Amino acid sequence: KQEVTQIPAALSVPEGENLVLNCSFTDSAIYNLQWFRQDPGKGLTSLLLIQSSQREQTSGRLNASLDKSSGRSTLYIAASQPGDSATYLCAVRQGGGSYIPTFGRGTSLIVHP
Amino acid sequence: GAVVSQHPSWVICKSGTSVKIECRSLDFQATTMFWYRQFPKQSLMLMATSNEGSKATYEQGVEKDKFLINHASLTLSTLTVTSAHPEDSSFYICSAQRTGGSDTQYFGPGTRLTVL
């Protein structure tokens, strides 16, 4: 059974810092990995989707990398802003025809001015 | 594009009553929709997969008679929590997968259910 772990569970940083959020998974036979953002009491917003054949994806100040063999992904946030404050969730979808994602518990990020 | 809505956004009900939550894909067709629940500071747990025109597939441990799912059209799935109890209080989130599109799931804003 796939297990997804996110470290750290919580992070508080001053504005402007570059951040790295970590996601690890136990079964490397994945189909894709997706990073989401969730604001308090809200649904999920997709940030980046990395297919198993890809190594990284970039969108604006966000960069996500994938090392399937070691079961790790990182989300890099450059020049953090208070508006980045949210919970970041990592979800892994298995290969072999299963489209059901397994979510980590998330990293709660606070960026203070 | 790819907007998913949920209604209501929050609901408070008495124990023993039934509550229906709607999930709609507003600008695309979704053959498959998913229902999740999320406890405070916990991850999302998949409850069931809803397929248009057929019975939902429930995850292990989820009571299908308690959580009724109907996916009558390509843009609407409903989750009915029957005979709700306080332990059913949670945040329910749906997602939709575009018919014939990529595997990306588009998530709704969630519904906060509180059972008194």
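Each remark here, short or long, concerns the structure printed above.
Residues numbered from 1 in each chain as written. Chains lettered and ligands numbered in written order. Predicted model: local features only at pLDDT ≥ 70, side-chain atom pairs only at ≥ 80, totals over all residues. Heavy atoms only, no water.

Q: Give me the overall build of chain A: which residues, what numbers.
A: If you tally the helices and strands in chain A, you get 0 helices and 11 strands. Listed N to C, the secondary structure of chain A is β-β-β-β-β-β-β-β-β-β-β in terms of helices and strands. The C-alpha atoms of chain A give 14 Å as radius of gyration, which agrees with the globular expectation for 113 residues (13 Å, within 12%). In terms of overall dimensions, chain A has C-alpha extents of about 45 × 25 × 20 Å along its principal axes. The buried share of chain A, reckoned over its 113 residues, is 40%. Within chain A, residue pairs in contact and separated by at least 24 positions form 54% of the contacts whose partners lie at least 6 positions apart. Roughly 5,400 Å² of accessible area belongs to chain A as shown, and the carbon and sulfur atoms make up 49% of that amount. Charged side chains of chain A number 9 positive and 8 negative; the gap between the two group centres comes to 7 Å. (Helix = DSSP H or I, 4+ residues; strand = E, 2+ residues; numbered from the N terminus. Rg over C-alpha atoms; globule rule 2.2 N^0.38 Å. Buried < 20%, exposed > 50% of the residue type's maximum accessible area, 1.4 Å probe, protein only. Contact = heavy atoms within 4.5 Å. Areas by Shrake-Rupley, 256 points an atom, 1.4 Å probe, with all protein chains shown as cover. Lys, Arg positive; Asp, Glu negative; His and termini not counted. Charge placed at Lys NZ, Arg CZ, Asp CG, Glu CD.)

Q: Requested: an account of the pairing of strand β5 (residues 44–51) of chain A, with residues and values cited.
A: Residue and element names in this part refer to chain A. As paired strands, strand β4 (residues 30–38) and β5 are joined by 7 bridges and run antiparallel to one another. Residue Gln-34 lies in a different strand from β5, and its bridge partner there is Leu-49. A loop of 5 residues connects β4 with β5, the two strands running antiparallel in sequence, and Gly-41 in this loop sits at a positive phi of about 70°. (Pairing = 2+ DSSP bridges.)

Q: Outline the interface of chain A and chain B, listing residues and values.
A: Residue-level contacts link 18 residues of chain A with 19 residues of chain B. A buried area of about 1,500 Å², summed over both sides, lies between chain A and chain B, and 53% of it is on carbon and sulfur atoms. Between the two partners, chain A and chain B, sit 0 salt bridges. For the interface between chain A and chain B, the tally reads 5 residue pairs in polar contact (both at pLDDT 80 or more). Sorting the residues of the side of chain A that touches chain B by element identifies β4, β5, β9 (86–94) and β10 (101–103) of chain A as the ones contributing at least two each. The class makeup of the residues in the side of chain A that touches chain B is 9 nonpolar, 6 polar and 3 charged. (Buried area = accessible area lost by both parts, 1.4 Å probe. Salt bridge = Lys/Arg side-chain N within 4 Å of Asp/Glu carboxyl O. Polar contact = N/O pair within 3.5 Å; in protein donor to acceptor, adjacent residues only side chain to side chain. Nonpolar A, V, L, I, M, F, W, Y, C, P; charged D, E, K, R; others polar.)

Q: Which residues make up the nonpolar core, and what values do they have?
A: Ranked by size, the top nonpolar core spans 24 residues in total, and within it Trp35(B), Leu79(B), Tyr92(B) and Leu113(B) carry the most contacts. Those elements giving two or more residues to this core turn out to be β2 (10–13), β3 (19–25), β4 (32–38), β5 (44–51), β7 (67–73), β8 (76–81), β9 (90–97) and β11 (111–115) of chain B. Aside from chain neighbours lying at most four places away, what touches Leu79(B) is Val19(B), Lys20(B), Ile21(B), Trp35(B), Phe67(B), Leu68(B), Ile69(B) and Tyr92(B). Counting residues in hydrophobic clusters, the runner-up holds 22 residues, among them Trp35(A), Leu62(A), Leu66(A) and Tyr88(A). (Core = buried A, V, L, I, M, F, W, Y, C linked by side-chain atoms within 4.5 Å.)

Q: Provide a residue-level description of the pattern of salt bridges, including the pertinent values.
A: In a structure, side chains of opposite charge can pair up when their charged atoms sit close to one another. One pass over the structure, following the stated rule, counts 4 salt bridges over all chains. Of the charged contacts, one joins Arg61(A) and Asp84(A) as a salt bridge, the two residues approaching to 2.8 Å between their closest N and O atoms. Of the two residues, Arg61(A) is situated in the loop between β6 (56–59) and β7 (62–67) and Asp84(A) in the loop between β8 (72–77) and β9; the sequence distance between them amounts to 23 residues. Its relative accessible area of 30% is what places Arg61(A) among the partly exposed residues. The salt bridge involving Glu22(B) is made with Arg24(B); its shortest N-O contact spans 3.5 Å. The partly exposed category is assigned to Arg24(B), whose relative accessible area is 33%.

Q: Which residues make up the packing of aromatic side chains, and what values go with them?
A: Counted by the stated rule, this structure contains 7 aromatic pairs over all chains. Judged by centre distance (5.7 Å) and plane angle (40°), the rings of Phe36(A) and Phe103(A) are tilted. In this pair, Phe36(A) is assigned in strand β4 and Phe103(A) in strand β10, connecting sequence segments 67 residues apart. Across the pair, exposure class does not vary: Phe36(A) and Phe103(A) are buried alike. A ring pair is formed by Phe36(A) and Phe107(B), whose centres lie 5.0 Å apart and whose planes are at 80°; its orientation type is edge-to-face. With Phe36(A) in strand β4 and Phe107(B) in strand β10 (residues 105–107), the pair connects residues from two separate chains. (Phe/Tyr/Trp six-rings, centres within 6.5 Å; stacked < 30°, edge-to-face > 60°.)

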